[in-house]
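Per-entry structural report
Chain by chain, the residues:
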Amino acid sequence: MALSREQIVEELIKIVGEDRVVTDEQVLKESSVDRFRRFEAYHGVFRMPFPAAVVNVQNTEEVEGVIRFANDNGVNVVPRTGHSATEGGLETALQNSIVVDGSGMNKIVNIDTYNMQATVQCGVSLQELDDRLREEGYTTGHSPQSKPLAQLGGLVATRSIGQFSTLYGGIEDMVVGLEAVFPNGGITRIKNVPRRAAGPDIRHVIIGNEGALCYITEVTVKIFKYFPENNRFLGYTLDHMKTGFEILREVMVNGYRPSVARLYDVEDGSYHFSHFAEGKCVLIFVTEGVKPIADATAAAIEEIVGGYDECEQVDPKLIERWFAHLNWDPANLVAEKNEIMETKNICNTTEISGNWGIIHEIYEVCMQRVRNEIPDLTLLGAHSSHSYLNGTNLYFVYFYNVVDCRPEEELTKYHLAIKKIIVDETIKAGGSMCHHHGVGKHRTQWIEKEYGSSYFILRTLKKAFDPNGIMNMGTIIPLED
Ligand SMILES: Cc1cc2nc3c(=O)[nH]c(=O)nc-3n(C[C@H](O)[C@H](O)[C@H](O)COP(=O)(O)OP(=O)(O)OC[C@H]3O[C@@H](n4cnc5c(N)ncnc54)[C@H](O)[C@@H]3O)c2cc1C
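My aim in this report is to walk through the structure given alongside it, one point at a time. (Residues numbered from 1 in each chain as written. Predicted model: local features only at pLDDT ≥ 70, side-chain atom pairs only at ≥ 80, totals over all residues. Heavy atoms only, no water.)

**Section: helix H1 (residues 5-16)**
Helix length check: H1 (12 residues) gives 17 Å between terminal C-alpha atoms against 16 Å at 1.5 Å per residue, within 8%. When we look at burial in H1, the residues that qualify are Ile-8, Val-9, Leu-12 and Val-16. Along the axis of H1, the buried residues cluster in a sector spanning 95 degrees; they form a single face. In this structure, H1 carries Glu-6 and Lys-14 as exposed residues pointing more than 90 degrees from its buried face. Residues of H1 that are buried sit in contact with strand E1 (21-22), strand E2 (53-56), helix H4 (60-73) and strand E4 (98-101). Among the residues trailing H1, Gly-17 stands out with phi positive, at a value near 95 degrees. (Helix = DSSP H or I, 4+ residues; strand = E, 2+ residues; numbered from the N terminus. Expected span 1.5 Å × (residues − 1). Buried < 20%, exposed > 50% of the residue type's maximum accessible area, 1.4 Å probe, protein only. Arc of directions from axis to C-beta. Contact = heavy atoms within 4.5 Å.)

This is the structure we're talking about:
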């Protein structure tokens, strides 16, 4: 028989102690959602079942104890670290879930500058780790816009990516080894070695699991030497996204690795660069590393862009200044809430990827359909911010006024309706519906289409590693599946 809320709380207290099992109603409410439902939450509307408790774990053994208890008693566990999720991954979809918060596991365990790797507990903030490394002349190379809030557990769990990915890669290229707790396997460690060919790469069972297979307790990532004095900033205005995609492709297929390669359309560009690029698309590059490489990469990009007449170079200082303020500042959260409440205008995003051969078509068709089919838009734009040898991503950005509906209708009327258009068109064209924010709970409806015939591998993983169905149910795989 299922345990009552009171019984769950009693058992959790036995494992971690009373002071670390939180049952305050306001905390439980706020812990039932993430930024996906922020419009509702700002209006005091909380539609997900409140968790029975938030458990603040402080070491791997406690995580193991809590997960074992949950597995034995069929209690749904939602792992959490930085609480910056945007796709509903933190929503407590089932009654009497427990949110297991690892942000107290915040020790930097080891920085090994000889073997070029750093080991940290899951609750270490990326900002803290990277600041510490930079003081010593190193960097993780990872810089998502949410760097001030996001923590290593969540960053690995979501397959996150940062602004310098074109040089350093996504988190999947950075993770060396891991420690995690599986419901049916207890504490599991994957050792830190430069490469292995001893069967499949099982790190990838853990990276990107979004808390739906296991709880990540410790992470070892590569570190890189940091030479900010060599950074070169390049910026251009241009007329057409198609030209921008061609330039990005030419840079990538010729083997150049700028750390940043970004292309903004007119609308998105006007939001960021109205002071120098009104009515224009904007193309941005940063090159970095040791000086000969940074300079040679910048020179090659200048030469490539020079072959396109419509591109006009802008003062590199404008780009450098813009970058310095790009990261999200959590201090603005209150201001953001106040503005949304006052104006009823809210911004949301959807990010996808596609090969070079289809990306421009996806961009065009999505922009056209969203513009034609969705009411009350105040801005609709897109940018590409992560490029690869064979393609790039698109990050659609949309602001809309929420009018003529209740707060709880905002998602279906606007955000999910827009997401559906973008996901449908991307999958139809052969791209991926999800570039870096994770599937969460709101892209699960398209997960079978995303995977096609390989979906059985994903379902088998879930059944094998979470046989009792207690890990973040409704995330990646829909509840009813
Ligand atoms: C303003 C803003 C900008 C952003 N910019 C970027 C960006 O540039 N690049 C990018 O990739 N993302 C970005 N994000 C999304 C988000 O920051 C990332 O997904 C980030 O990796 C989440 O980390 P977190 O520690 O906050 O995780 P949380 O929000 O706590 O959790 C995210 C997911 O991971 C799971 N999880 C958390 N901790 C663990 C754990 N220890 N073990 C297992 N599962 C766990 C959760 O259950 C949830 O499903 C942005 C978000 C915001 C709000």
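**Notes on the pairing of strand E17 (residues 377-384)**
When you tally the buried positions in E17, you get six out of eight residues, the bulk of the element. Where strand E13 (residues 260-264) and E17 come together, two bridges link them in antiparallel fashion. Directly across from Leu-263, in E17, lies its bridge partner Ser-384. Bridge count between E17 and strand E18 (residues 391-401): six bridges; the pairing is antiparallel. The partner of His-383 across the bridge, within E18, is Tyr-395. Taken together, E17 and the strand that follows it, E18, pair antiparallel across an intervening segment of six residues. (Pairing = 2+ DSSP bridges.)

**A closer look at the site of the ligand**
Around the ligand, the surrounding shell holds 33 residues, and the nearest of these are Pro-79, Thr-81, Ser-84, Ser-146 and Ile-161. In the environment of the ligand, an oxygen atom lies 2.9 Å from a nitrogen or oxygen atom belonging to the backbone of Gln-151. Contact with the protein chains hides 96% of the accessible area of the ligand, taken as 970 Å² for the molecule alone. Counting residues per element, the ones that place at least two in the shell around the ligand are strand E3 (77-80), helix H6 (152-157) and strand E10 (215-222). For the shell around the ligand, the element with the highest residue contribution is H6, accounting for four residues. Grouping the amino acids of the shell around the ligand by side-chain chemistry returns 13 nonpolar, 17 polar and three charged. (Near = heavy atom within 4 Å. Polar contact = N/O pair within 3.5 Å; in protein donor to acceptor, adjacent residues only side chain to side chain. Areas by Shrake-Rupley, 256 points an atom, 1.4 Å probe, with all protein chains shown as cover. Nonpolar A, V, L, I, M, F, W, Y, C, P; charged D, E, K, R; others polar.)

**Observations concerning the side chain of Asn-96**
Relative to the helices and strands, Asn-96 resides in the loop between E3 and E4. Classification of Asn-96 by relative accessible area gives buried; the value is 18%. A polar atom in the side chain of Asn-96 sits 2.8 Å from the side chain of Arg-5. Not counting residues within four places of it along the chain, the set of residues in contact with Asn-96 comprises Leu-3, Ser-4, Arg-5, Ile-8, Phe-50, Ala-52 and Val-75.

**Some thoughts on the pairing of E10**
It is a general feature of regular strands that their side chains alternate between the two faces of the sheet. For E10, the tally of buried residues reaches seven of eight residues, placing the bulk of the element in the interior. Note: strand E6 (residues 117-121) against E10, five bridges, orientation antiparallel. Paired with Gln-117 across the bridge in E10 is Lys-222. Two elements, strand E8 (residues 175-182) and E10, share six bridges in a ladder whose sense is antiparallel. Across the sheet, residue Val-181 finds its bridge partner in E10, namely Tyr-215.

**Looking at the side chain of His-142**
One can find His-142 in the loop between strand E7 (138-139) and H6. Those residues in contact with His-142 that sit more than four places away from it in its chain are Leu-126, Asp-130, Lys-147, Leu-155, Ser-160, Ile-161, Gly-162, Ile-171 and Met-174.

**Things to note about the packing of helix H15 (residues 356-373) against helix H16 (residues 410-429)**
Where H15 meets H16, the closest approach of the two axes is 9 Å, and the angle between their N-to-C directions is 150 degrees. Judged by the inter-axis angle, H15 sits roughly antiparallel to H16. Every pair of crossing elements has a handedness; the one defined by H15 and H16 is right-handed. Two secondary-structure elements touch here, H15 through Ile-358, Ile-362, Val-365, Cys-366, Arg-369, Val-370 and Glu-373 and H16 through Ile-418, Ile-421, Ile-422, Glu-425, Thr-426 and Ala-429. Looking at the contact of H15 with H16 residue by residue, the classes come out as nine nonpolar, one polar and three charged. (Axes fitted to C-alpha atoms, helices over the stretch in contact; angles between N-to-C directions. Parallel < 35°, antiparallel > 145°, perpendicular 65-115°, else oblique. Left-handed = near helix turned anticlockwise from the far one by under 90°.)

**Some thoughts on the packing of aromatic side chains**
Evaluation of the coordinates by the stated rule reveals 13 aromatic pairs. Following the ring pairs from residue to residue traces out a cluster consisting of Phe-164, Phe-233, Tyr-264, Phe-273, Phe-276, Trp-322 and Phe-323. (Phe/Tyr/Trp six-rings, centres within 6.5 Å; stacked < 30°, edge-to-face > 60°.)

**So, the packing of H1 against H4**
Helix-helix packing is described using two parameters, namely the angle between the two axes and the distance between the axes. For the pair H1 and H4, the least separation of the axes is 9 Å and the interaxial angle reads 155 degrees. Taken together, the axes of H1 and H4 lie roughly antiparallel to each other. By crossing handedness, the relation of H1 to H4 is classed as right-handed. Every residue of H4 that contacts H1 at Ile-8, Glu-11, Leu-12, Ile-15 and Val-16 is listed here: Glu-62, Gly-65, Val-66 and Phe-69. Looking at the contact of H1 with H4 residue by residue, the class counts come to six nonpolar, one polar and two charged.

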